[in-house]
Amino acid sequence: MERIYLYINRPAAIMVVLSVLLFGGFLVTRLTKRAKLPNVTGYILAGIGLGPCALGLVPGEILENMEFVSDMALACIAFGVGKYFTRESLQKAGAKTMGLTLAESLPAGVLVALVTRLAFKMDWSFSLLLGAVATATAPASTMMTISQYGAKGEFVDVLLQVVALDDAVCLLAFSVAAAISAGGVRAALLPLLYNVAALVLGAGCGLLLGRLLAPATRSRENRLILTIALLLALTGVCTLLDVSPLLACMVFSAVYRNHTDDVEIYRELEGFTPPIMALFFIISGMNLQVNALGQAGLIGVVYFILRIVGKYGGAYGGSRMLGYSTPIQNNLGLALIPQAGVALGLAFLGRRILPPAEGELLFAVILSSSVLYELAGPPCAKLALLRSGAIPKQAACHCQ
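Source: prediction; values computed, not measured.

Moving on, we get to the pattern of salt bridges. The full count for this structure, using the stated rule, is seven salt bridges. In this structure, Glu270 engages Lys83 in a salt bridge whose closest nitrogen and oxygen atoms are separated by 3.9 Å. Placement of Glu270 in helix α14 (residues 264–270) and of Lys83 in the loop between α5 (67–82) and α6 (87–93) is noted, with a sequence separation of 187 residues between them. You can call Lys83 partly exposed: its relative accessible area is 22%. Close ionic contact of Arg257 with Asp261 constitutes a salt bridge, the shortest N to O distance being 2.7 Å. Ionic contacts of the salt-bridge type, sharing partners, join the residues Glu104, Asp166 and Lys311 into one network.

Helix length check: helix α19 (residues 356–388) (33 residues) gives 45 Å between terminal C-alpha atoms against 48 Å at 1.5 Å per residue, within 8%. Of all the bends in α19, the greatest reaches close to 30° and is centred on Gly377; the proline Pro378 follows between one and four positions later. Where α19 ends, the next residue or the one after it, Gly389, has phi of about 85°, a positive value.

Here Leu159 shows up in helix α10 (residues 154–182). When its relative accessible area of 1% is taken as the criterion, Leu159 is described as buried. Along the backbone, Leu159 and Ala335 are 176 residues apart, and their C-alpha atoms lie at a distance of 7.7 Å. In this view, Leu159 contacts Thr142, Ile146, Leu332, Ala335 and Leu336; residues no more than four positions away in its chain are not counted.

Attention now moves to a nonpolar patch on the surface. A surface patch of nonpolar side chains, amounting to about 390 Å² of accessible area, comprises Val110, Leu114, Leu118 and Trp124. Counting residues per element, the nonpolar patch draws most heavily on helix α7 (residues 95–120), at three residues. Along the chain, the position of Leu114 falls in helix α7. When its relative accessible area of 39% is taken as the criterion, Leu114 is described as partly exposed.

Rules of the game
Residues numbered from 1 in each chain as written. Predicted model: local features only at pLDDT ≥ 70, side-chain atom pairs only at ≥ 80, totals over all residues. Heavy atoms only, no water. Salt bridge = Lys/Arg side-chain N within 4 Å of Asp/Glu carboxyl O. Helix = DSSP H or I, 4+ residues; strand = E, 2+ residues; numbered from the N terminus. Buried < 20%, exposed > 50% of the residue type's maximum accessible area, 1.4 Å probe, protein only. Expected span 1.5 Å × (residues − 1). Bend = angle between axes of the 7 residues up to and from the residue. Contact = heavy atoms within 4.5 Å. Patch = residues over 30% accessible without salt bridge, like charges linked within 9 Å, V, L, I, M, F, W, Y side chains within 5 Å. Areas by Shrake-Rupley, 256 points an atom, 1.4 Å probe, with all protein chains shown as cover.

This is the structure:
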């Protein structure tokens, strides 16, 4: 297939690849709908089928230059999550939501770190970094599943707030683990300073967007253009600082939402993002490497299982102690299984911190397990939404 791309210029090849990916994702979702699976699962399966593991329809050189799609998708996801952090919702949830977030995230990290160290005799540096990454949850597939089935209610509100705060916990845990691995405080302070700078910049973007969109005569097209422009600029700066753009984009959205009380911009953005989201998950599936699965080995399998056990157990115990309703207690852990985005970004950082052999092993474990989580996560999220009553059963059966 790569020979075919040699006969056309690079821009044309990229256009053809994007078309192949979108058509492939659409066709596979026709099949997954019959199995009553969320679209996210279909997109990931399409990526695996089109990628190097199967048909190999996309040249590796082009695939390596598709990272910007993931950055755009994650920025849009974070911006969408930020709208839930209004003053009213934070005052209503407050410390209770933060307590639940800590309860569902930290047990998974501690469990993974201890078992990796004690059972596999890995260095503490490797074990702590892997445990820190285990605390993260990917909001992308959960958000898409919620959107696909029109889920709403108390369970959805709690889930979105917990998922949004999850990444903050993960970044802090990773910074501490990195400091211990590097043997000094300086290693932790620099990433923390960069993250604080990114948060301040995100807040500034929120205030700036509020001023730019203030005129009532501003057209819908220009509102969308200005929003996307600031999102891309913020994401680019975060990438230069080597920090995750998720928290900064969440703060961007939250500041704008509280400053303007404008909800229409989120509806306008939803009309722009579906192709980007589809490409994000398709490309995630394409990044699955058979040799990475082999390299991860038993550690990868144990990591995959322990993280699920830690997340579910922590979510159940934490929500019960904090007095959440029974549907939240029984189902929140199921909706927290997906992991990609932030975890993959931190895996890149971990590979640079650790010695070469351990760094490659860490990256292989996170990469391979992330794809598996994204395959198992959407069906589990759908099941959690159904069991909690967030979506009616007939909507799940007939959603097109």
